[in-house]
Amino acid sequence: MMSMEYVAAGLFALALLHTFCAKQFEQLAHRSERHSGLFHLLGEVEVVFGFWAFVMIVAMALVRGGEQAIAYAESLQYTEPLFVFVIMVVAASRPVLLTVEGLVVMLARLAPVPSALAQTWLCLALVPLIGSFITEPAAMTLAALLLAPLVFRPGIPEWRKYAALGVLFVNVSIGGTLTSFAAPPVLMVAGAWNWDSAFMASTFGWRAAIAVLFNASVMTFVLRQYVTEVPIAAEANAELPVPLTVRVIHLVFLAGVVVFAHHPVIFLGLFLFFLGFTQAYAHFQSPLILKEGLLVGFFLAGLVVLGGMQQWWLQPIVSSLQPTALFFGALGLTALTDNAALTYLGSLIEGMTDPAKYALVAGAVAGGGLTVIANAPNPAGVALLRRGFNDESIGAGELLLGALAPTAVAALAFLL
């Protein structure tokens, strides 16, 4: 029976390698006319884990039989991929985006610096912290769409874009720890360990807020000479106003999806109503990001399928480490697997001490920006921002380098 576990681990390793090679496939797509479509597909980061998950199901059918392969696929929980898809589409709708953008612009005008520079800081600091209340995937979606015309555009050096992307990913990962329901890795343990929002704010939240503000401030300073002349997007859209009633209804849909985030039947029903409403008032809408949302959902579903077979080697590592070693171990392992999966495995371990619990979750959220797969909202950021990079793809190695400094700041905040 162990042979399938080894096959799954090997395919998981190949999926990780594919993630780091995605940019190279995208470059091949531009050079090859005959097979450009295939190379472009393999270069889509969001396709990687879904593709290898399909390979694993086929391999399981060959090793254990078709019925067991289907039973395994159907035994998994796909609530998170479904939720991320829905929250991305709703949060990125024009009425919600303009409402949040209007708030950011209003606050930016109060700052004693150029408005666009203040807007950049707010998108890197305030929006990730708001993720503690609207969930991290929604915060990632809004921050990415607002930052795209400011930072992720031609004319800005590539290394600065990767540094900004690393800050965004890290800040979203740790910015959701002010409450017990917004960050996937926290949500996985909150019920089992009786961690409520008051505990999260007093134990994790204030430390995370310090790191978020520091990271955002340093990154804004690095970008200061590039964003001062960029026009505010909300002003450009001023000739297409969205009525207050439409904005409120969209925000109600967003709130409903957040409240019922763990009940897919309910939030999918709300989503269908939302789609109907956007059709009825299409003149107030921009095209919904259905393709991007579906690709991200496909990525996360593939991660669920592949990750479900990795418990046999991950859990012994987690359970064998002392708190300090566990913190750094979780930080490193998060780069190789979804941090929510990592904390979930920790929640299954009996007799964990309070320092060990803190170390596991702190390390998991601190490392949430190192790779595309480290935190559930990261694929959403990649899907929305990759067009701002060379070859319209984001390199895994460059992202890792860009995230190292803000990750170190987050680690210091949680350790000290």
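First, a word on scope: everything that follows refers to the structure included in this document. (Residues numbered from 1 in each chain as written. Predicted model: local features only at pLDDT ≥ 70, side-chain atom pairs only at ≥ 80, totals over all residues. Heavy atoms only, no water.)

## Some thoughts on the overall build of the protein
We apply this condition: Going along the chain from the N terminus, every DSSP run of H or I of four or more residues is numbered as a helix, and every run of E of two or more is numbered as a strand. Within these notes, the globule rule equals 2.2 Å times the number of residues to the 0.38 power, and the radius of gyration is based on C-alpha atoms. Whether a residue is buried, partly exposed or exposed follows from its accessible area with a 1.4 Å probe, protein chains only, as a fraction of its type maximum: under 20%, in between, or over 50%, in that order.
Secondary structure assignment for the protein yields 22 helices and zero strands. Its C-alpha atoms give the protein a radius of gyration of 21 Å, near enough to 22 Å, the size a compact globule of 416 residues would have. Overall size of the protein, expressed as C-alpha extent along the three principal axes, is 65 × 55 × 40 Å. Relative to its full complement of 416 residues, the protein shows a buried share of 56%.

## Remarks on the side chain of T179
Convention followed: Think of a polar contact as two N or O atoms within 3.5 Å of one another; within protein, one of them needs to be a possible hydrogen donor and the other a possible acceptor, and neighboring residues in sequence only count if both atoms come from side chains.
Positionally, T179 belongs in the loop between helix 9 (158–175) and helix 10 (184–193). Look at T179 and you get buried, because its relative accessible area is 4%. Within the structure, T179 has its side chain in polar contact with the backbone oxygen of S132 (distance 2.5 Å).

## Side note on unusual backbone geometry
Despite not being glycine, T135 has its phi angle at roughly 80°, a positive value. With respect to the helices and strands, T135 occurs in the loop between helix 7 (115–134) and helix 8 (136–147). Of note in the backbone geometry, N194 takes a positive phi value of approximately 60° without being a glycine. For N194, the location among the structural elements is in the loop between helix 10 and helix 11 (197–222).

## Let's talk about helix 5 (residues 79–91)
Cut-off, in case you're wondering: Multiply 1.5 Å by the residue count of a helix minus one, and that product is the helix's expected span.
Between its first and last C-alpha, helix 5 extends 18 Å over 13 residues, near the 18 Å set by a 1.5 Å rise per residue. Within the sequence span of helix 5, burial applies to T79, P81, F83, V84, F85, V86, I87, M88, V89, V90 and A91.

## Remarks on the side chain of H18
Which entries qualify depends on this criterion: Pairs of residues are marked as contacts when any of their non-hydrogen atoms sit within 4.5 Å.
Structurally, the position occupied by H18 is in helix 1 (residues 2–31). Excluding anything up to four places from it in sequence, H18 contacts F25, L42, V48 and W52.

## Regarding a nonpolar patch on the surface
What counts is decided by this rule: By definition, no residue in a patch forms a salt bridge, and every one has over 30% relative accessible area; like charges are joined within 9 Å, nonpolar side chains (Val, Leu, Ile, Met, Phe, Trp, Tyr) within 5 Å. The method behind every accessible area is Shrake-Rupley, applied with a 1.4 Å probe, and residues are considered shielded solely by the protein chains displayed. The rule for a salt bridge is simple: a side-chain nitrogen of Lys or Arg has to be within 4 Å of a carboxyl oxygen of Asp or Glu.
Taken together, the side chains of F54, V58, L62 and V63 make up a nonpolar region of the molecular surface, amounting to roughly 430 Å² of accessible area. Mapping V63 onto the fold places it in helix 3 (residues 45–64).

## Remarks on the packing of helix 6 (residues 94–109) against helix 7
This is how it is decided: To define axes, lines are fitted to C-alpha atoms, for helices over the stretch in contact only, and angles between the resulting N-to-C directions are given on a 0 to 180 degree scale. Working rule for angles: under 35 degrees goes down as roughly parallel, over 145 as roughly antiparallel, 65 to 115 as roughly perpendicular, anything else as oblique. Each helix crossing is assigned a hand: it is left-handed if the near helix lies turned anticlockwise from the far helix by less than a right angle, otherwise right-handed if that turn is clockwise. Think of it as three bins: nonpolar holds Ala, Val, Leu, Ile, Met, Phe, Trp, Tyr, Cys and Pro, charged holds Asp, Glu, Lys and Arg, and polar takes everything else, Gly as well.
It is the contact of helix 6 with helix 7, at a shortest axis distance of 8 Å, that shows an interaxial angle of 125°. What the angle tells us is that helix 6 and helix 7 run oblique. Classified by chirality, the crossing of helix 7 by helix 6 is right-handed. Side by side, helix 6 and helix 7 meet where E101, V104, V105, L107, A108 and R109 of the first sit next to S115, A118, Q119, L122, C123, L126 and V127 of the second. The residue inventory of the contact of helix 6 with helix 7, partitioned by class, reads nine nonpolar, two polar and two charged.

## Side note on the environment of V365
Inspection of the secondary structure puts V365 in helix 20 (residues 354–366). Taking the C-alpha atoms as reference points, V365 and L42, separated by 323 residues in sequence, lie 29 Å from one another.

## Notes on the packing of helix 11 against helix 22 (residues 396–415)
The interhelical angle for the contact between helix 11 and helix 22, taken along N-to-C directions, is 150°, at an axis separation of 9 Å. Comparing their axes, helix 22 and helix 11 come out roughly antiparallel. Viewed along their axes, helix 11 and helix 22 form a crossing whose handedness is right-handed. In this structure, helix 11 contributes F204, R207, A208, A211, F214 and N215 to the contact, and helix 22 contributes P406, V409, A410, A413 and F414.

## Points about the pattern of salt bridges
For the coordinates displayed, the defined rule picks out three salt bridges. Note that E158 is salt-bridged to K161, the shortest N-O span being 3.7 Å. With E158 and K161 both in helix 9, this residue pair falls three residues apart, about one helical turn. What makes K161 buried here is its relative accessible area of 4%.

## Describing the packing of aromatic side chains
Rules: Classification of ring pairs rests on two measures: the distance between centres of Phe, Tyr or Trp rings, Trp counted by its six-membered ring, which must be within 6.5 Å, and the angle between planes, read as stacked under 30 degrees, edge-to-face over 60 and tilted in between. As a reminder, the over-ring test applies to NZ of lysine and CZ of arginine, requiring each to be within 6 Å of the ring centre and within 35 degrees of the ring normal.
Summed over the entire model, instances satisfying the criterion amount to 19 aromatic pairs. Taking 6.2 Å as the distance between ring centres and 20° as the angle between the ring planes, the aromatic pair formed by F271 and F274 counts as stacked. Of this pair, F271 and F274 both sit in helix 15 (residues 264–280), three residues apart, which is roughly one turn of the helix. The structure contains a cluster of three or more aromatic residues connected by ring pairs, namely F85, F253, F271, F274, F277 and Y281. One cation-aromatic arrangement involves R224 over F221; the distance from NZ or CZ to the ring centre is 3.9 Å.

## Some thoughts on the environment of F49
Here F49 shows up in helix 3. A residue is classified by how much of its surface remains accessible, and F49, at 0% relative accessible area, is buried. Remark: the alpha-carbon pair of F49 and I373, spanning 324 residues in sequence, is separated by 9.2 Å. Excluding residues within four positions of it along the chain, F49 makes contact with F12, A15, L16, T19, F299, G302, L303, L306 and I373.

## A closer look at the nonpolar core
Applicable threshold: Note on terminology: a nonpolar core comprises buried Ala, Val, Leu, Ile, Met, Phe, Trp, Tyr and Cys residues joined through side-chain atoms within 4.5 Å.
Ranked by internal contacts, the top residues of the largest apolar core, which has 141 residues, are F49, M56, L168, I174, L306 and F414. For F414, the residues in contact, after removing those within four places along its chain, are I174, F204, R207, A208, F327, Y358, A362, V365 and A366.

## Looking at helix 15
Short version of the rule: This arc describes the spread of directions from the helix axis toward the C-beta atoms.
Compared with the 24 Å implied by 1.5 Å per residue over 17 residues, the 24 Å span of helix 15 between its first and last C-alpha is a close match. Regarding helix 15, the residues found buried are F267, F271, F274, F277 and T278. Across the axial projection of helix 15, the buried residues extend over an arc of 120°, all falling on one side. In helix 15, the exposed residues that point more than 90 degrees away from the buried face are V265, L272, F273, Q279 and A280. Contacts made by the buried residues of helix 15 are with helix 5, helix 14 (244–259) and helix 16 (290–307).

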